[in-house]
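# Architecture and fold: a report
Residues per chain, in single letters:
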Amino acid sequence: MHITSPFTSPLGGVESLLAEARERTLVLIENVSEADLERVHDPLMSPLVWDIGHIAAFEDLWISREAGLDLLRPELAAVYDAEETPRSDRGDLPYLSRDEALAYMDEVRERALGSLDLVSPFIGEMLVQHENQHNETMLQTLQLAEPGAYEPPRRRSPGRAAAGALEVAAGPFRMGDPGRGFAYDNERPQHEVDLPAFRIDRAPVTNAAFDEFVADGGYHRRELWTPEGWAFREREGWERPLYWTEDGRERRFDQVVALDPDLPVMHVSWFEAGAFARWRGARLPSEAEWEKAARRAGLRRGNLDQLDFGPGPAGPFLGDCWEWTASEFRGYPGFRAFPYAEYSEVFFDSGYRVLRGASWATRARVARASFRNWDHPRRRQIFAGFRCVEESR
Ligand SMILES: [Fe+2]
């Protein structure tokens, strides 16, 4: 079956894009030991070798469909199907070892390159972005891993967090993918949304601001939390963001460093973000507010593309950290699944909350104002922070 795609960019260049995506994946794991690649570092995450085999299996699936070929390794399809096996069970799967997974990657790629003229531009770009997106998942796993598993190269981005709020006037705007480039089905169709005026922070909430909330007893004031959020806080014993230490520092991969007051706070759940907002007399933006403000502010990019292994000073809407929004993940009016229902439709209306923007770990190609990320409101392993909307006074 050949799928008709709304994405019509010329195919030229997909070969080099695929090569670039692969190079980054391999750089990411080149200094990780075989044992650390095959270990389950946290029940939340797959072992890293699962991601490697899954990237290959996803490419195998789509290249085979497009080119009318049989799967190269049909026996692996179920092992690497993200829907069939929850992450917590992936440690028990008969997945390939490091060397086997890398060999499978090479075999699939070789066949893909021989079939590219049969592959639609949308599917070619989807394979690139899928591999790009798994790089970020792999970095989440590496950040969860015990110090010693991964020592990233580092630079620092000096500067101060942006201050103040952006006034966004009442009125309609076009929400969603404008149709000029690649977008997933959940970003479409573009549609008009009319919003009242609002004031949104120019920057995500900083470490300094969140530290004040912690110091003010924010984690112990039940009235600031939703009932579900409070139950999680109690059950998990949350006292501070995931990687903050009791002595007021934070762990970033292999190092424990002083909190930088100008960086966005990260690794907080949607529940913690909401509690902070209530403490400040504010709220989380809806995703429509977020997107309208982002388009209005101009799409200046913060730290992206895994270059500094951490965010830059809090400010831009794209880059540094994902941002939780108040919105639940749903289809836009007129939504149609493409090219498969499992990408987004199966997650609609199930309590997932939308995150917007992009993080320092997001490949630049994936970062766009219409991109919608989603996760459970209790999740903290994502490179996510948030910004607030001030309640109208
Ligand atoms: Fe995937």
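Residues numbered from 1 in each chain as written. Predicted model: local features only at pLDDT ≥ 70, side-chain atom pairs only at ≥ 80, totals over all residues. Heavy atoms only, no water.

## Side note on the coordination of the iron ion
Note on metal sites: the ideal angle is 109.5 degrees for four tetrahedral donors, and 90 or 180 degrees for six octahedral donors. Bound to the iron ion are the protein donor atoms His 54 (NE2), His 130 (NE2) and His 134 (NE2), situated 2.2 Å from the metal. On the primary sequence, the residues serving as donors to the iron ion are separated as H-x75-H-x3-H. Placement of the pair is His 130 and His 134 together in helix 5 (residues 121-144), with a separation of four residues, close to one helical turn. Residue classification places His 130 among the buried residues on the basis of a relative accessible area of 10%. Classification of His 134 by relative accessible area gives buried; the value is 12%. (Donors = N, O, S within 2.8 Å, 3.2 Å for Na, K, Ca; no water. Helix = DSSP H or I, 4+ residues; strand = E, 2+ residues; numbered from the N terminus. Buried < 20%, exposed > 50% of the residue type's maximum accessible area, 1.4 Å probe, protein only.)

## Re the sheet that holds strand 11 (residues 384-385)
Sheet strands pair via backbone hydrogen bonds, and the direction of the pair is either parallel or antiparallel. The strand order 10-9-8-11 describes an open sheet built from four strands, whose pairing is mixed. One side of each edge strand has no neighbouring strand; the edge strands of this open sheet are strand 10 (373-375) and strand 11. Note that strand 8 (residues 322-328) and strand 9 (residues 353-357) share four bridges and pair antiparallel. Of the residues in strand 9, the one forming a bridge with Glu 328 is Arg 353. (Pairing = 2+ DSSP bridges.)

## Observations regarding the packing of helix 3 (residues 48-67) against helix 5
Where helix 3 meets helix 5, the closest approach of the two axes is 10 Å, and the angle between their N-to-C directions is 170°. Classified by the interaxial angle, the pair formed by helix 3 and helix 5 is roughly antiparallel. For the pair helix 3 and helix 5, the contacting residues are Leu 48, Trp 50, Asp 51, Ile 52, His 54, Ile 55, Phe 58, Glu 59, Trp 62, Ile 63 and Glu 66 in the first and Ile 123, Met 126, Leu 127, His 130, Glu 131, His 134, Thr 137, Met 138, Thr 141 and Leu 142 in the second. Looking at side-chain class alone, the contact of helix 3 with helix 5 contains twelve nonpolar, five polar and four charged residues. (Axes fitted to C-alpha atoms, helices over the stretch in contact; angles between N-to-C directions. Parallel < 35°, antiparallel > 145°, perpendicular 65-115°, else oblique. Contact = heavy atoms within 4.5 Å. Nonpolar A, V, L, I, M, F, W, Y, C, P; charged D, E, K, R; others polar.)

## Quick notes on unusual backbone geometry
The peptide bond linking Arg 188 to Pro 189 adopts the cis configuration, its omega dihedral lying at -10°. Take Pro 189: it is sitting in the loop between strand 2 (171-175) and strand 3 (191-195). Of note, the bond from Phe 338 into Pro 339 is cis; its omega dihedral lies within 30 degrees of zero at -5°. In this fold, Pro 339 is placed in the loop between strand 8 and strand 9. Phi at Phe 253 takes a positive value of approximately 55°, unusual for a residue other than glycine. Residue placement: Phe 253 occurs in the loop between strand 5 (249-252) and strand 6 (255-258). The backbone of Asp 305 shows a phi angle near 70°, a positive value even though the residue is not glycine. Structurally, Asp 305 can be placed in the loop between helix 9 (287-297) and strand 8.

## Digging into the environment of Ala 273
Structurally, Ala 273 can be placed in helix 8 (residues 270-279). Once the C-alpha coordinates of Ala 273 and Phe 386 are considered, the two residues, 113 residues apart in sequence, prove to be 6.6 Å apart. Leave out the neighbours within four places in its chain, and Ala 273 touches Leu 284, Trp 324 and Phe 386.

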